[in-house]
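Per-entry structural report
The primary structure of each chain is shown beneath.
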Amino acid sequence: AQSVTQLDSHVSVSEGTPVLLRCNYSSSYSPSLFWYVQHPNKGLQLLLKYTSAATLVKGINGFEAEFKKSETSFHLTKPSAHMSDAAEYFCVVSRGGGADGLTFGKGTHLIIQP
Amino acid sequence: ETGVTQSPTHLIKTRGQQVTLRCSSQSGHNTVSWYQQALGQGPQFIFQYYREEENGRGNFPPRFSGLQFPNYSSELNVNALELDDSALYLCASSWVESNYGYTFGSGTRLTVV
């Protein structure tokens, strides 16, 4: 079984300040972990993925995430927020190629204040 | 390289009717999966097809069914529609052997009235 908990339903930051979106996971096997972003009325776009290689993963648009097995966490960060980052962010766990599909968290709504 | 395309983009159906949603996978991908995203929620896994066979299913009743065709396009069929079936339905394709990740379409917004 696998599950994902996104610890904040909403996060508000000022433009130019750091972003931290928190995610904890539970998995009975070595998971693959992803962050996806969804802009209003759009599909899901892959930001980055962890698949048991380097624990610090760099993604698109300046985002990165660190896999911490001891803390079962996969938090998403960005050094400096931009107005275009305002969107819904989903932390996702998968059994790497397995047939269980992707398990999504409930999402974190990121608000960027001017 | 083409992405994942879904049709139609919007659909309104009456309770009790049947609906078919369509998806064209990204070129080269051999796996397709479908997700239901209710308003304000994360997507929920419906099922996955690999080489035309269903090889995984989430917690959805049998009235949700699907097909994957030899060209890796796919259909999601929902019978006896209920009001709670109103949601955004997302299709995702992948090349399972590489575990690269899933490419999502923009979805079909289904409204059941």
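All values reported here derive from a predicted model rather than from experimental measurement. (Residues numbered from 1 in each chain as written. Chains lettered and ligands numbered in written order. Predicted model: local features only at pLDDT ≥ 70, side-chain atom pairs only at ≥ 80, totals over all residues. Heavy atoms only, no water.)

Observations concerning the overall build of chain B
How we decide: Starting at the N terminus, helices and strands are each numbered in turn, a helix being any DSSP run of H or I of at least four residues and a strand any DSSP run of E of at least two. For the radius of gyration, the atom set is restricted to C-alpha positions; the globular benchmark scales as 2.2 Å times the number of residues to the power 0.38. Only protein chains enter the area calculation, which uses a 1.4 Å probe; residues under 20% of their type maximum are buried, those over 50% are exposed, and those in between are partly exposed. Contact criterion: two residues are considered in contact whenever any of their non-hydrogen atoms come within 4.5 Å of each other. A 1.4 Å probe and the Shrake-Rupley method give the accessible areas. Residues count as covered only by the protein chains that appear here. Counted as positive: Lys and Arg. Counted as negative: Asp and Glu, with His and the chain ends omitted from the count. Every charge is mapped to an atom, namely NZ of Lys, CZ of Arg, CG of Asp or CD of Glu.
The secondary structure content of chain B amounts to zero helices and eleven strands. Its helices and strands taken in sequence order, chain B reads β-β-β-β-β-β-β-β-β-β-β from the N to the C terminus. For a compact globule of 113 residues, the expected C-alpha radius of gyration is about 13 Å, and chain B comes in at 13 Å, within 12% of that figure. Residue burial in chain B is summarised as follows: out of 113 residues, 50% are buried. Taking the intrachain contacts of chain B between residues at least 6 apart in sequence as the baseline, contacts between residues at least 24 apart amount to 53%. For chain B, the computed accessible surface area is about 5,400 Å², with 49% contributed by carbon and sulfur atoms. If you average the places of the 7 positive and of the 9 negative side-chain charges in chain B, the two averages end up 8 Å apart.

Section: the sheet that holds strand β7 (residues 64-68) of chain B
Residues and elements named next belong to chain B. Put simply, the rule is: For two strands to be treated as a pair, DSSP must find at least two bridges joining them. All axes here are fitted lines through C-alpha atoms, helices being fitted over the stretch that makes contact, and every angle between N-to-C directions spans 0 to 180 degrees.
Pairing in this open sheet of four strands is antiparallel, and the strands run β1-β3-β8-β7 from one edge to the other. The outermost strands of the open sheet, each flanked by one partner alone, are β1 (5-7) and β7. In this sheet, adjacent strand axes meet at a mean angle of 20° when their direction is disregarded. Two strands pair when backbone bridges link them, and strand β3 (residues 19-24) and strand β8 (residues 74-78) are joined in this way by five bridges, in the antiparallel orientation. Pairing of Cys23 across the sheet is with Ser74, part of β8.

Details of the packing of aromatic side chains
Which entries qualify depends on this criterion: Here a pair means two rings of Phe, Tyr or Trp (six-membered ring of Trp) with centres within 6.5 Å. Their orientation is stacked below 30 degrees between planes, edge-to-face above 60, and tilted elsewhere.
Counting across every chain of the model gives 14 aromatic pairs over all chains. On the basis of an interplanar angle of 50° and a centroid distance of 6.4 Å, the ring pair of Tyr50 of chain A and Phe74 of chain A is categorised as tilted. On the criterion of sequence distance, the pair formed by Tyr50 of chain A in strand β6 (residues 44-50) and Phe74 of chain A in strand β9 (residues 73-78) is long-range, its members being 24 residues apart. With relative accessibility at 8%, the residue Tyr50 of chain A sits in the buried group. One aromatic cluster in this structure is built from Phe34, Tyr36, Phe90 and Phe104 of chain A together with Tyr35, Phe45 and Phe104 of chain B.

A few points about the pairing of strand β5 (residues 32-38) of chain A
Residue and element names in this part refer to chain A. Of all the seven residues making up β5, seven are buried; the element is thus mostly covered by neighbouring parts of the structure. In β5, alternate side chains face the same way, and those of Ser32, Phe34, Tyr36 and Gln38 on one face and Leu33, Trp35 and Val37 on the other are all buried. Pairing between β5 and strand β10 (residues 87-94): seven bridges, direction antiparallel. The residue bridging Trp35 from the neighbouring strand is Cys91, located in β10.

Focus: the side chain of Ser25 of chain B
All names here are of chain B. The cut-off we apply is this: Here a polar contact is recorded for every N or O atom pair within 3.5 Å, except that within protein the pair must consist of a potential hydrogen donor and a potential acceptor, and residues adjacent in sequence are included only if both atoms are side-chain atoms.
With respect to the helices and strands, the residue Ser25 is situated in the loop between β3 and β4 (31-37). Among the residues examined, Ser25 registers a relative accessible area of 13% and is labelled buried. Within the structure, the side chain of Ser25 is placed 2.7 Å from the backbone oxygen of Tyr72, a separation counted as a polar contact.

A few points about the interface of chain B and chain A
Accessible area lost upon the coming together of the parts serves often as the stated size of an interface. Quick note on the threshold: Here the quantity called buried area is the accessible surface, traced with a 1.4 Å probe, that two parts lose on coming together, added over both. The rule for a salt bridge is simple: a side-chain nitrogen of Lys or Arg has to be within 4 Å of a carboxyl oxygen of Asp or Glu.
Listed by partner, the interface residues are 21 residues for chain B and 21 residues for chain A. For the chain B and chain A pair, buried surface summed over both sides reaches about 1,600 Å², with 55% attributable to carbon and sulfur atoms. For the interface between chain B and chain A, the tally reads zero salt bridges. At the junction of chain B and chain A, the tally comes to three residue pairs in polar contact (both at pLDDT 80 or more). Broken down by secondary-structure element, the contributors of at least two residues to the side of chain B that touches chain A are β4, β5 (44-50), β6 (53-57) and β9 (87-94) of chain B. Broken down by element, the side of chain B that touches chain A gets its largest block of residues, three residues, from β6 of chain B.

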